[in-house]
Amino acid sequence: MKVTSSSNARTRRRLLDRQQASDPDVTRRVARIVGGVRRRGDAALGDYVRRLDGWTGPLEVPPDEIRRAAADVPPAVRRAIKAAARRIRRIAKRQVPQGWKVSTAPGVVVEQRVTPLGRVGCYVPGGRYPLPSSLLMTAIPARVAGVAEVVAASPSLDPTVCEAALEAGVSRLFRMGGAHAVAALAYGTATVPRVEKIVGPGNVWVAAAKALVAADCPIDFLAGPTEIVVVASEGNAAWLAADLVAQAEHDPDARAVLLTPSVSLARAVAREVDRQLAEHPAARPSIESHGLAVVTASLDEAVELANEIAPEHAVCDLETVARRLTRAGTVFVGPYGAQAAGDYATGSNHVLPTGGAARFRGGLGAADFVRVGSVQRLTAPGLRRLAPTVISLANAEGLTAHAASVAARLR
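Residues numbered from 1 in each chain as written. Predicted model: local features only at pLDDT ≥ 70, side-chain atom pairs only at ≥ 80, totals over all residues. Heavy atoms only, no water.

Draft legend 1. Just helix α9 (residues 204-213), in detail. Listing the buried residues of α9 in full gives Val206, Ala209, Lys210 and Val213. Around the axis of α9, the buried residues are gathered within 100° of arc, so they sit on the same side. Check the buried side of α9 and you find it contacts α2 (24-40), β4 (119-123), α8 (178-187) and β7 (198-199). The N-capping residue of α9, defined by a side-chain oxygen 3.0 Å from the backbone nitrogen of Trp205, is Asn203. (Buried < 20%, exposed > 50% of the residue type's maximum accessible area, 1.4 Å probe, protein only. Helix = DSSP H or I, 4+ residues; strand = E, 2+ residues; numbered from the N terminus. Arc of directions from axis to C-beta. Contact = heavy atoms within 4.5 Å. Polar contact = N/O pair within 3.5 Å; in protein donor to acceptor, adjacent residues only side chain to side chain.)

This is the structure:
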């Protein structure tokens, strides 16, 4: 792992340039796939599933097949899935927005009404490893929010994914992946129902498809390569390195960064990272391309730089630092705040914003699966009290018909 200084202009550019260059060839091919599924429905979807997913069976997985597959899950893994699900539900219940009513003037009542979406689609990647945790993190908050139908799609149905589908209360499960699965969920086919929102992580093909359908079907956010930023002035070098290596094993493009004012800590962590790569070779491509131990002029500068990066995961050693890390998808505090715990077991959602999107939003939650709207009730005396404000402002804006619509009711 390379050790460098924050004063190095090239280093700062690497840290702050979050633009993910889109591959024009991927964009063109995804547009062709999405357009084909949108126009030809099941005919195109079946063709892509056979060619790209290598699957020739039915698209929908019958409930009895899901149960049979789940029966092969080892008891310890089943217990872990159930434990994770309990904690995710506990957090999700706190995230659902609450309805309320307030009187803003005598005779004027404004209500906030919260209603769940009717049907959502959860995409579960099936690439290097099965990801039952991603299904739990997407489907459970939807169910807690009151979504009536949760549709899941995955190109490879590992028994652990089937167990997670049962535990999370998935309504229907489809064996399909990639851009064609996203298109099917967004536009619907004779077999796959159209959903009102698509959530869940995926590769560049999935991300490109989500970006393409977003104008017609809302999505959670565009997820890029995963990332972790550790901010520390002291600590156990082996533990800090372990967090960096753990995140790096996700993806060759994952970003793993240490920000510290301590030269000795930077060097110790870099040595530990290099040592641990021998045990976890899957993390090597990411560390070699995107791993950095950056020495800052002070802890204050490390915090400021972390907030500029706005990482998906931030890890810090001090509570005082955690309070200042305000732009991160999630923050882990203290020596035992292992980032992997949040991936699986704390209950906090691991579907998080990447690429600097933590500047303006946090992770997926139950609030992403509801509509928050308003209902307004006015009596005759109530409208009469508001009339001077409405008529004056409407006329000031030149919207005389607006003013007249209120004045007519006062005559």
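Back to the write-up after that little detour.
Draft legend 2. Region of interest: the pattern of salt bridges. All told, the structure shown has 21 salt bridges when counted by the stated rule. Between Arg12 and Glu308 there is a salt bridge, with the nearest N and O atoms lying 3.5 Å from each other. Taken together, the positions of Arg12 in helix α1 (residues 9-16) and Glu308 in helix α13 (residues 299-309) put the pair 296 residues apart, joining distant regions of the chain. Exposure remark for Arg12: the relative accessible area of 26% places this residue in the partly exposed category. In this structure, Asp25 engages Arg28 in a salt bridge whose closest nitrogen and oxygen atoms are separated by 3.8 Å. With a gap of three residues between them, Asp25 and Arg28 both fall in helix α2, about one helical turn apart. The class for Asp25 is partly exposed, based on a relative accessible area of 34%. Beyond isolated ion pairs, a larger network of salt bridges with shared partners links Arg12, Glu301 and Glu308. (Salt bridge = Lys/Arg side-chain N within 4 Å of Asp/Glu carboxyl O.)

Draft legend 3. Structural context of the sheet that holds strand β9 (residues 255-260). Read across the sheet, six strands follow the order β1-β10-β9-β8-β11-β12 without closing on themselves; strand pairing throughout is parallel. Each edge of the open sheet is held by one strand with a lone partner, namely β1 (2-5) and β12 (330-333). The mean inter-strand angle of the sheet, taken between neighbouring strand axes irrespective of direction, is 20°. Note: β9 against strand β10 (residues 291-295), five bridges, orientation parallel. Its bridge partner being in β10, Thr260 is matched across the sheet by Val295. Strands β1, β9 and β10 of the sheet are contacted by helix α11 (residues 263-277), whose axis makes an angle of about 155° with β9. (Pairing = 2+ DSSP bridges. Axes fitted to C-alpha atoms, helices over the stretch in contact; angles between N-to-C directions.)

Draft legend 4. Region of the structure containing the packing of aromatic side chains. Under the counting rule described, the total for this entry stands at one aromatic pair. Ring geometry for Trp239 versus Tyr336: centroids 5.4 Å apart, planes at 55°, classification tilted. Residue Trp239 is located in helix α10 (residues 237-248), and its partner Tyr336 is located in the loop between β12 and α15 (339-344); the two are separated by 97 residues in the primary sequence. Of note, Arg175 hangs over the ring of Trp55, and the distance from its end group to the ring centre comes to 3.9 Å. (Phe/Tyr/Trp six-rings, centres within 6.5 Å; stacked < 30°, edge-to-face > 60°. Lys NZ or Arg CZ within 6 Å of the ring centre and 35° of its normal.)

Draft legend 5. Structural context of the side chain of His313. Position of His313 among the secondary structure elements: in strand β11 (residues 313-316). His313 sits in the buried class, given a relative accessible area of 2%. A polar contact of 2.9 Å, which involves the side chain of His313, links it to the backbone oxygen of Glu227. Polar side-chain contacts of His313 include one of 3.4 Å to the side chain of Gln247. The residues touching His313, leaving out its near neighbours within four places in the chain, are Thr226, Glu227, Ile228, Val229, Gln247, Thr330, Phe332, Gln339, Asp343 and Leu352.

Draft legend 6. Expanded view of the pairing of strand β3 (residues 108-116). In this structure, strand β2 (residues 100-105) lies alongside β3, joined through five bridges in antiparallel fashion. Note on β3: the bridge partner recorded for Lys101 is Glu111. Connecting β2 to the antiparallel partner β3 that follows it, the hairpin turn spans two residues, and Gly107 within it adopts a positive phi of roughly 85°.

Draft legend 7. Spatial organisation of unusual backbone geometry. For Ala310, which is not a glycine, the phi torsion comes out positive at approximately 50°. Along the chain, Ala310 falls in the loop between α13 and β11.

Draft legend 8. View of α13. Every buried residue belonging to α13 is among Glu301, Ala302, Val303, Leu305, Ala306, Asn307 and Ile309, and all of these are buried. Buried-residue contacts for α13 involve α1, β8 (227-231), β9 and α14 (319-324). Looking at where α13 begins, the residue whose side-chain oxygen comes 3.4 Å from the main-chain nitrogen of Asp300 is Ser298. A positive backbone phi angle near 50° is found at Ala310, which sits one or two residues after α13.

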